[in-house]
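Listed below are the residues making up each chain.
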Amino acid sequence: MILLSGVIAWKLKPEKEHVPPPPALVTVQEMGVLTSLKVNYANIIEFNKRVTQEIPWTQWELRFGGTRVILVARGDCLIGTDLKLARYEKVSFQDKTASLVVPHPKIISARLNHDPKSGGSYFYEMTNSGVVALVPGTEGQTKAMNLALQKGQSEIQTNCGKSELIESARKSAEAVLLPTVSATGWKVGIVWQ
């Protein structure tokens, strides 16, 4: 009898109002890095490597010529947001609202494509001038080519960090994140930090 009255009391007790948890942050964090923008890069880089010899105890130098390289530089960069650092703030269980704080987008990778067969970078021209043209060997040419490639890599990094590209990546990330977290029934705003 006591057992029966306990079961009846347990069944008849008023149910507590079930408050749903905030949107699943774990699933957002499990997305890892959200790449939201890919930027293709192309530029023509002219690089001159002069060969000189300083004259000791003077401010002068002898110019022996140099190597001129023209590089058709092509590559791409990826801009995205690290969602592993996302967190919720201002969570209101009554209104089912929350703010999702995510870090600003940044460059994930910027690279020159070195494969000319797949539409990548290639050296259009390489010429030696002065005494350098008479000296056998390719050490000067190799240095000039490497310096041209370094300049191309530096330019792609600089170009991909432009504020309008970061803003475009932010808007693309919001277009992915807002429907994802709003599907839980919560109204979520994104705060960039």
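Our subject is the structure that appears above.
Note that this is a predicted model, so its numbers are computed, not measured.

Asker: Which residues make up the overall build of the chain, and what values do they have?
Answerer: On a plain count of helices and strands, the chain comes out with four helices and seven strands. By residue count, 30% of the 193 residues in the chain fall in the buried class. Here the analysis covers contacts within the chain between residues at least 6 apart in sequence; of these, 76% occur between residues at least 24 apart. For the chain, the accessible surface area stands at approximately 12,900 Å², while carbon and sulfur atoms represent 58% of it.

Asker: Give me the pairing of strand β3 (residues 87–92): which residues, what numbers.
Answerer: For β3 and strand β4 (residues 97–102), the ladder comprises four bridges, and the chain directions are antiparallel. Across the sheet, Arg87 pairs through a bridge with Val101, a residue of β4. Where β3 folds back on β4, the antiparallel hairpin that results is connected by four residues, among which Lys96 adopts a positive phi of roughly 55°.

Asker: Before we move on, could you go through the pairing of β4 and cite the residues and values that matter?
Answerer: Among the six residues in β4, five count as buried, and that is most of the element. Across six bridges, the pairing between β4 and strand β7 (residues 187–192) is parallel. Bridge assignment links Ala98 to a residue of β7, and that residue is Val188.

Asker: Could you give an account of helix α3 (residues 139–160), with specific residues and numbers?
Answerer: Here α3 is 22 residues long and its end C-alpha atoms lie 32 Å apart, about the 32 Å a rise of 1.5 Å per residue gives. For α3, the complete set of buried residues consists of Ala144, Ala148, Gly152, Ile156 and Cys160. End-on, the buried residues of α3 take up no more than an arc of 135°, which puts them together on one face. Away from its buried face by more than 90 degrees, α3 exposes Glu139, Gln150 and Thr158.

Asker: So what's going on with the side chain of Ser121? Residues and values would help.
Answerer: When you line up the elements, Ser121 lands in the loop between β5 (106–112) and β6 (122–130). By relative accessible area, which is 6% here, Ser121 ends up buried. Only 2.8 Å separates the side chain of Ser121 from the backbone nitrogen of Arg74, close enough to count as a polar contact. What Ser121 contacts, discounting residues up to four positions off in sequence, is Leu71, Val72, Ala73, Arg74, Leu112, Asn113, His114 and Pro116.

Asker: Report on the nonpolar core, specifying residues and quantitative values.
Answerer: Core analysis: the biggest nonpolar cluster contains 17 residues, and Val39, Tyr41 and Ala73 have the highest contact counts within it. For this core, the elements supplying multiple residues, two or more each, are β1 (33–54), β2 (61–82), β5 and α3. Residues in contact with Tyr41, not counting those within four places in the same chain, are Ala73, Arg74, Gly75, Asp76, Leu112, Gly152, Glu155, Ile156 and Asn159.

Asker: Please give an account of the state of the cysteines that cites residues and values.
Answerer: Put plainly, a disulfide is one covalent bond tying together the sulfur atoms of two cysteines. Enumeration according to the criterion identifies one disulfide in this entry. Linked covalently through their sulfurs, Cys77 and Cys160 form a disulfide whose S-S length is 1.9 Å. Across the S-S bond linking Cys77 and Cys160, the dihedral sits near -100°, which makes this disulfide left-handed. Remark: Cys160 occurs in helix α3 and Cys77 occurs in strand β2; sequence separation between them is 83 residues. For the pair formed by Cys77 and Cys160, the shared burial category is buried.

Asker: Can you explain the environment of Leu177? Please cite residues and give values.
Answerer: Looking at where Leu177 falls in the secondary structure, it is placed in helix α4 (residues 163–182). Taking the C-alpha atoms as reference, Leu177 lies 9.7 Å from Gly189; in sequence the two are twelve residues apart.

Asker: Please give an account of the pattern of salt bridges that cites residues and values.
Answerer: Under the counting rule described, the total for this entry stands at six salt bridges. Across the salt bridge formed by Glu89 and Arg87, the nearest N and O atoms sit 3.1 Å from each other. Residue class for Glu89 comes out partly exposed when judged on its relative accessible area of 32%. Owing to a relative accessible area of 34%, Arg87 belongs among the partly exposed residues under this scheme. In this structure, a network of salt bridges that share partners links the residues Lys38, Asp76 and Arg111.

Calculation rules
Residues numbered from 1 in each chain as written. Predicted model: local features only at pLDDT ≥ 70, side-chain atom pairs only at ≥ 80, totals over all residues. Heavy atoms only, no water. Helix = DSSP H or I, 4+ residues; strand = E, 2+ residues; numbered from the N terminus. Buried < 20%, exposed > 50% of the residue type's maximum accessible area, 1.4 Å probe, protein only. Contact = heavy atoms within 4.5 Å. Areas by Shrake-Rupley, 256 points an atom, 1.4 Å probe, with all protein chains shown as cover. Pairing = 2+ DSSP bridges. Expected span 1.5 Å × (residues − 1). Arc of directions from axis to C-beta. Polar contact = N/O pair within 3.5 Å; in protein donor to acceptor, adjacent residues only side chain to side chain. Core = buried A, V, L, I, M, F, W, Y, C linked by side-chain atoms within 4.5 Å. Disulfide = S-S within 2.5 Å. Salt bridge = Lys/Arg side-chain N within 4 Å of Asp/Glu carboxyl O.

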